[in-house]
Amino acid sequence: MFFHNSKTYFKNLICASRFSLFSPFNHPNPPFRYTQIQKYVNVYMKWKKDPFFDSMVHIHKSLELKSIIQLKNVIANDPNGCIPISAVSKRGLEFDISIKVARFLRQYPSVFEEFTGPEYNLPWFRLTPEATEIDREEKRVYEECKEDIKDRLKRFILMSKDKVLPLKIIKGMEWYLGLPERFLEDIRNSDESFKFVDMEDGLRGLVVESKGGKVWSTMQRNAMRNGVYFGGTLEGIEFPIFPSKGLRLRRKIESWFNEFQKLPYVSPYEDFSHLDPSSDVAEKRVVGILHELLSLFVEHSAQRKKLLCLKKYFGLPQKVHKAFERHPHMFYLSFKNKTCTAILKEAYCGKSSIEKHPLLGVRKKYVELVKESNRILKDRRFNNQHIKQEKLEKDMGLDSESDSRTEIPS
């Protein structure tokens, strides 16, 4: 019985990888050691503030920029290149704007230029020349990098359990994936590998039909490029780590993490149904999914609550948020702007192996333009105060002249 099972084992091992023939003897973590000795699945890591990541304006202005870009698109898509305020005044909820839309537009004079319309003296808005120029560059990037953006969407869908995602989930992640407006509508006629299907609960979904060939994750591609991974099913890949200054792990946790790094790497695109959900191998798969997701996004970051919405479709555990806390050398949680943002450290530390999103440069230019609004508004306030001061001094001078009397001699 032992030899029969051994033959079957070696046969499967050889078929799995041409480099795995002698792995049971030479591999640092052979199959019978894949159950980790120390388990720290419920470990608590102390959060450490990192000014470097908290100061990244293009990340922390991302949600504010989203509303600005949506309004910019409405104006840019208008045949006249300008709109009356009535065209968007009642669409604040759609643009995730909590104040009056007119007031919101006036907060960004470097992007939106206000003028009096041809009828009824209503306020109208058009784009400034600077915003128009960046808009043209954005459209050019979308056209030139269409395949790259399409590939990121495919990978996002292929990471799901059933290789299909509801349209509402994809639309909720459009901003992070960098999908242009009407991308999902246009893709129906432009790529046969995407198909719209009916899902349970009456939802419409988007499925990707794979045309053969294995999908490699960012981690796998980088490890292959560095010659430390050969595509075998028993191989481990160590996650790149970037400790924040002053952040040190306790000895027991550090020992657990060293073992964790040597465990087999389960790709986000592979079947995971055989894994014990409470095992550290399953945790390594969860960390791999979070790493892959953030590597696909424009800023390589996202609101943590947005990522938690993916649990059902990506086969993530109920307490997936703890994976960010247990791996502070890989992810940074920023609490700026009263929200929790998860950032992939690897994308911003040293010579990153993470592919830059083609839209990142354009978004940074928008952020810089938006920052100009603060200077413009500050100058306006200063000028208004100066004008008011001059008017006040003039009025006081007139009053003193009118109040001057000559005493009548007795």
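S.K.: It is not clear to me how the overall build of the protein should be interpreted in this structure. Could you clarify?
M.R.: When its secondary structure is counted, the protein shows 18 helices and nine strands. By residue count, 46% of the 410 residues in the protein fall in the buried class. Sequence-distant contacts, at least 24 apart, represent 68% of the contacts inside the protein between residues at least 6 apart. Element-wise, carbon and sulfur atoms account for 53% of the exposed surface of the protein, whose accessible area totals about 24,000 Å².

S.K.: How should I be thinking about the sheet that holds strand β6 (residues 204-208) in this particular structure?
M.R.: Sheets are built from strands paired through backbone hydrogen bonds, the pairs being either parallel or antiparallel. Strand order across the open sheet formed by three strands is β4-β6-β5, with antiparallel pairing between neighbours. The outermost strands of the open sheet, each flanked by one partner alone, are β4 (164-166) and β5 (194-198). Averaged over all pairs of adjacent strands, the angle between strand axes in this sheet comes to 30°, irrespective of strand direction. Where β5 and β6 come together, five bridges link them in antiparallel fashion. Residue Phe-196 lies in a different strand from β6, and its bridge partner there is Leu-206. With respect to the sheet, helix α8 (residues 146-158) is in contact with β4, β5 and β6, its orientation differing from that of β6 by roughly 105°. Packing against the sheet, helix α11 (residues 183-190) makes contact with β5 and β6, and its axis sits at approximately 110° to β5.

S.K.: Would you take a moment to explain helix α14 (residues 280-296) for this structure?
M.R.: Since the α-helix advances by 3.6 residues per turn, residues separated by three or four positions end up pointing in the same direction. The end-to-end C-alpha distance of α14, which contains 17 residues, comes to 24 Å, matching closely the 24 Å that a straight helix rising 1.5 Å per residue would cover. Extensive coverage of α14 is indicated by the burial of 17 of its 17 residues.

S.K.: What is the right way to look at the pairing of strand β9 (residues 341-344) in this model?
M.R.: Along any regular strand, the residues point their side chains to alternate faces of the sheet. Neither face of β9 is left uncovered, since the one carrying Thr-341 and Ile-343 and the one carrying Ala-342 and Leu-344 both have all their residues buried. Here strand β7 (residues 301-303) pairs with β9 via three bridges, running antiparallel. When the sheet's bridge partners are listed, Ala-302 is paired in β9 with Ala-342. Adjacent in sequence and paired antiparallel, strand β8 (residues 331-334) and β9 are bridged by six residues, among which Asn-337 carries a positive phi angle near 60°.

S.K.: Would you mind going over unusual backbone geometry with me for this structure?
M.R.: Excluding glycine, most residues fall at negative phi; most peptide bonds, likewise, are trans. Look at His-300: it is not a glycine, yet its phi comes out positive at around 55°. Considering the arrangement of structural elements, one finds His-300 in the loop between α14 and β7. A positive phi is found at Lys-338, a non-glycine position, where the angle reads about 60°. Considering the arrangement of structural elements, one finds Lys-338 in the loop between β8 and β9. By relative accessible area, Lys-338 is classed as exposed at 87%.

S.K.: Would you mind going over the sheet that holds β8 with me for this structure?
M.R.: Reading across from one edge, β7-β9-β8 is the order of the three strands in this open sheet, with antiparallel pairing throughout. With partners counted over all chains shown, the strands left at the sheet margins are β7 and β8, one partner each. Across this sheet, the average inter-strand angle for adjacent strands is 20°, counted without regard to direction. Pairing geometry for β8 and β9, over four bridges, is antiparallel. Its bridge partner lying in β9, Leu-333 is registered against Ala-342. This element, α14, spans β7, β8 and β9 of the sheet and lies at about 90° to β9.

S.K.: Teacher, can you tell me more about empty space enclosed by the protein here?
M.R.: To find the voids left in a structure, one rolls a probe of water-molecule size over its atoms. Inspection of every chain in the model, using the stated rule, returns one cavity of 30 Å³ or more. Approximately 40 Å³ is the volume attributed to the largest cavity. Every residue lining the largest cavity is listed: Lys-61, Glu-64, Leu-65, Ile-68, Val-367, Val-370 and Lys-371. Counting residues per element, the ones that place at least two in the lining of the largest cavity are α5 (62-77) and α18 (360-403). In terms of residue class, the lining of the largest cavity is made up of four nonpolar, no polar and three charged.

S.K.: Can you help me understand helix α12 (residues 218-225) in this one?
M.R.: Considered for burial, the residues of α12 that qualify are Thr-218, Met-219, Gln-220, Asn-222 and Ala-223. Where α12 is buried, its residues touch α14. With its phi angle positive at about 75°, Gly-227 sits one or two positions after the end of α12.

S.K.: What's the story with the environment of Pro-358 in this structure? I'm lost.
M.R.: Here Pro-358 is to be found in the loop between β9 and α18. For the pair Pro-358 and Lys-146, spaced 212 residues apart in sequence, the C-alpha to C-alpha distance is 9.6 Å. Discounting chain neighbours no more than four positions away, the residues touching Pro-358 are Val-141, Cys-145, Asp-148, Ile-149 and Arg-152.

S.K.: For this particular structure, what's the right way to read the side chain of Glu-235?
M.R.: Among the secondary structure elements, Glu-235 is positioned in the loop between α12 and α13 (251-262). Put simply, Glu-235 is tucked away with no salt bridge, and the nearest opposite charge, on Lys-214, sits 8.4 Å away. A polar contact of 3.1 Å, which involves the side chain of Glu-235, links it to the backbone nitrogen of Phe-230.

S.K.: Is there a simple way to think about the environment of Arg-326 in this case?
M.R.: With respect to the secondary-structure elements, Arg-326 resides in helix α17 (residues 321-326). As for Arg-326 and Ile-253, which are separated by 73 residues in sequence, their C-alpha atoms are 9.5 Å apart. At 2.6 Å, the side chain of Arg-326 forms a polar contact with the side chain of Glu-283.

S.K.: I keep staring at the nonpolar core and nothing clicks. Help me out?
M.R.: Note on soluble globular proteins: their nonpolar side chains tend to be buried together. Counting residues in each nonpolar core, the largest one holds 104 residues, and the members touching the most others are Phe-112, Leu-153, Phe-156, Phe-297, Leu-307 and Phe-314. Per-element tally for this core: the top contributor is α14, with nine residues. With sequence-adjacent residues up to four places away left out, Phe-297 is seen in contact with Met-173, Tyr-176, Leu-177, Ala-302, Leu-307 and His-357.

Cut-off values and rules
Residues numbered from 1 in each chain as written. Predicted model: local features only at pLDDT ≥ 70, side-chain atom pairs only at ≥ 80, totals over all residues. Heavy atoms only, no water. Helix = DSSP H or I, 4+ residues; strand = E, 2+ residues; numbered from the N terminus. Buried < 20%, exposed > 50% of the residue type's maximum accessible area, 1.4 Å probe, protein only. Contact = heavy atoms within 4.5 Å. Areas by Shrake-Rupley, 256 points an atom, 1.4 Å probe, with all protein chains shown as cover. Pairing = 2+ DSSP bridges. Axes fitted to C-alpha atoms, helices over the stretch in contact; angles between N-to-C directions. Expected span 1.5 Å × (residues − 1). 1 Å grid on protein atoms, 1.4 Å probe; cavity = no way out; pocket = protein on both sides within 12 Å on 5 of 7 lines; lining within 4 Å. Points joined across faces, edges and corners; volume = space filled by probe spheres on them. Nonpolar A, V, L, I, M, F, W, Y, C, P; charged D, E, K, R; others polar. Lys, Arg positive; Asp, Glu negative; His and termini not counted. Salt bridge = Lys/Arg side-chain N within 4 Å of Asp/Glu carboxyl O. Polar contact = N/O pair within 3.5 Å; in protein donor to acceptor, adjacent residues only side chain to side chain. Core = buried A, V, L, I, M, F, W, Y, C linked by side-chain atoms within 4.5 Å.

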